[in-house]
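# Working through the structure, step by step
For reference, the chains in residue letters:
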Number of protein chains: 2
Amino acid sequence: MVEFMKLKRRFYILLHPRPTVLITTVCREGKYNVMPCTWHTPVSWDPDLVLIVVDKENYTHKCIMETKEFVVNVVDDKFLDKIMKLTVHGDKVDKFKLAGLKTMKARFVRAPILRDAIAYIEATLYRAIDVEDETLFIGRVLDARVRSDVFRAGGWDYSKARLLLHHWENIFVKPDPRSVVAAPR
Amino acid sequence: MVEFMKLKRRFYILLHPRPTVLITTVCREGKYNVMPCTWHTPVSWDPDLVLIVVDKENYTHKCIMETKEFVVNVVDDKFLDKIMKLTVHGDKVDKFKLAGLKTMKARFVRAPILRDAIAYIEATLYRAIDVEDETLFIGRVLDARVRSDVFRAGGWDYSKARLLLHHWENIFVKPDPRSVVAAPR
């Protein structure tokens, strides 16, 4: 007999592992910021919309409110050693220097792109939705690009795109390229 | 030199693979429905809130609007053969019969739980947000349970929880249990 046990807290662990992205922003005074995020989801195609969940106390929250734009950077396991350094508050720290992150200019927004990302999405704020301690930022996708060596027509090549899926806290897991399977239609 | 290539459509593929869940609902007249979903995210703990993206044309949309509740069922690779059968419109079909899905009674909602799910979250509607062709349904978590044989204190045991991560269309991938790793703090 299979038994179900109650989760008294952290219900959200059941919806992990989730692709880790780094949200890059620029604040009004020109300072760059970067924040790891796994609570995100696509919302729509036509128009292309992406949603990220950001705590109101985060510096990223302030930056998006001020400049109305952000970049979603998809990262791989090369970021494993850097990722936890990026969870500190970005107000008084230069997290790019702290973690040795290089940036490059975006085409449509002033927020930077991480040069070592394996994909990125430039977005302009479409709507901000206030929910308890969080804001749901929905971005309109202006440009979405992926590194051509880790991607095929049908999506990620998991043998090359070593995506960091967030398990919880500082634990991550990767997709198993040998497990790719087609469900019968 | 690394090259980035532009995605002209399907930006959202960059945010996959994502845990596949089946949303179960009940309509006003008592009819059950079930729908696969990978566009979801936790939103908050304290209070516990979960968000799912549902197309306005889906039968599930009608049911949640009518009865203000849903269950998020997390599924594993035992559902691989059934999953695509559940993508049809639920209005005129009994998808439970079609895919051979067994249900059990929930504790707090009238929507059913899938007996073979490896975890489930009972939720009552907290807020519905209209976004283009979609509605973002935010549910307040009333109960979250997980099968005790596939879970440890720190989350999923991926050698036992063979989660179906959605790649795109009918393609799925699973987490590699050997790849679990702790990021240095």
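To be clear, the structure that these remarks concern was listed above.
A brief look at the structure comes next. (Residues numbered from 1 in each chain as written. Chains lettered and ligands numbered in written order. Predicted model: local features only at pLDDT ≥ 70, side-chain atom pairs only at ≥ 80, totals over all residues. Heavy atoms only, no water.)

### Quick notes on the interface of chain B and chain A
The partner chain A presents 86 residues to the 86 residues of chain B that form the contact. Across the chain B/chain A interface, buried area totals approximately 7900 Å², and carbon plus sulfur atoms make up 66% of it. Ranking the residues of chain B by area buried against chain A places Phe4, Phe11 and Leu14 of chain B at the top, with a combined share of 10%. Where chain B meets chain A, there are four salt bridges. In this structure, the salt-bridge partner of Glu169 of chain B is Arg185 of chain A, at a minimum N-O distance of 3.7 Å. Per element, the largest residue contribution to the side of chain B that touches chain A is 11 residues, and it comes from strand β15 (residues 171-182) of chain B. (Contact = heavy atoms within 4.5 Å. Buried area = accessible area lost by both parts, 1.4 Å probe. Salt bridge = Lys/Arg side-chain N within 4 Å of Asp/Glu carboxyl O. Helix = DSSP H or I, 4+ residues; strand = E, 2+ residues; numbered from the N terminus.)

### What to know about the pairing of strand β10 (residues 119-131) of chain B
Residue and element names in this part refer to chain B. Direction of pairing for strand β7 (residues 69-74) relative to β10: antiparallel, over a ladder of six bridges. By the bridge assignment for β10, Asn73 is matched with Tyr120. The hairpin formed by β10 and strand β11 (residues 134-147) contains two residues between the paired strands, and Glu132 there has a positive phi angle of roughly 55 degrees. (Pairing = 2+ DSSP bridges.)

### What about the relation of the copies chain B and chain A?
Here chain B sits on chain A after a turn of 180 degrees about the axis and a move of 0.0 Å along it, with an RMSD of 0.0 Å. The transformation relating the two chain copies, once decomposed into turn and shift, fits a two-fold axis. When the interface residues of chain B are mapped onto chain A, 100% of them again fall at the interface, so both copies present the same face. (Least-squares fit on C-alpha atoms with pLDDT ≥ 70 in both.)

### Quick word on the side chain of His61 of chain A
Residues and elements named next belong to chain A. Relative to the helices and strands, His61 is located in helix α1 (residues 59-67). Looking at His61, the relative accessible area reads 9%, which means it is buried. Those residues in contact with His61, other than ones at most four positions away along the chain, are Val54, Asp55, Lys56, Thr135 and Phe137. (Buried < 20%, exposed > 50% of the residue type's maximum accessible area, 1.4 Å probe, protein only.)

### Some thoughts on the sheet that holds strand β15 (residues 171-182) of chain A
Strand order in this open sheet of six strands is β2(A)-β14(A)-β15(A)-β15(B)-β14(B)-β2(B), and the pairing throughout is antiparallel. The open sheet has two free edges, formed respectively by β2 (18-19) of chain A together with β2 (18-19) of chain B, since each of these has just one partner strand. Pairing analysis gives three bridges linking strand β14 (residues 165-168) of chain B to β15 of chain B, with the strands arranged antiparallel. Following the sheet pairing, Trp168 of chain B is matched in β15 of chain B by Ile171 of chain B.

### Remarks on a negative patch on the surface
On the surface, Asp46 of chain A together with Glu57, Glu132 and Asp133 of chain B cluster together into a patch of negative charge. Mapped onto the elements of the fold, Asp46 of chain A is located in the loop between β5 (40-44) and β6 (49-55). Classification of Asp46 of chain A by relative accessible area gives exposed; the value is 57%. (Patch = residues over 30% accessible without salt bridge, like charges linked within 9 Å, V, L, I, M, F, W, Y side chains within 5 Å. Areas by Shrake-Rupley, 256 points an atom, 1.4 Å probe, with all protein chains shown as cover. Lys, Arg positive; Asp, Glu negative; His and termini not counted. Charge placed at Lys NZ, Arg CZ, Asp CG, Glu CD.)

### Here we look at helix α1 (residues 59-67) of chain B
Residues and elements named next belong to chain B. Three or more residues of α1 are buried, namely Tyr59, Thr60, His61, Cys63, Ile64 and Thr67. Each element contacted by the buried residues of α1 is listed here: β3 (21-26), β4 (32-37), β6 (49-55), β7, β10 and β11. Lys68, located one to two residues past α1, shows a positive phi value of around 60 degrees.

### Observations concerning the environment of Asp94 of chain B
Residues and elements named next belong to chain B. In this structure, Asp94 sits in the loop between β7 and α2 (95-99). Judged by relative accessible area, Asp94 falls into the partly exposed class, the value being 41%. When the C-alpha atoms of Asp94 and Val50 are compared, they prove to be 27 Å apart, with 44 residues separating the residues in sequence. A distance of 3.1 Å separates the side chain of Asp94 from the backbone nitrogen of Lys97, its partner in a polar contact. (Polar contact = N/O pair within 3.5 Å; in protein donor to acceptor, adjacent residues only side chain to side chain.)

### Quick word on the pairing of β6 of chain B
All names here are of chain B. Across the seven residues that make up β6, a large majority, six, are buried. Between the antiparallel neighbours strand β5 (residues 40-44) and β6 lie four residues, among them Asp46 with a positive phi of about 60 degrees. Across seven bridges, β6 lies against β11 in antiparallel orientation. Within β11, the position partnered with Val54 by the bridge is Thr135.

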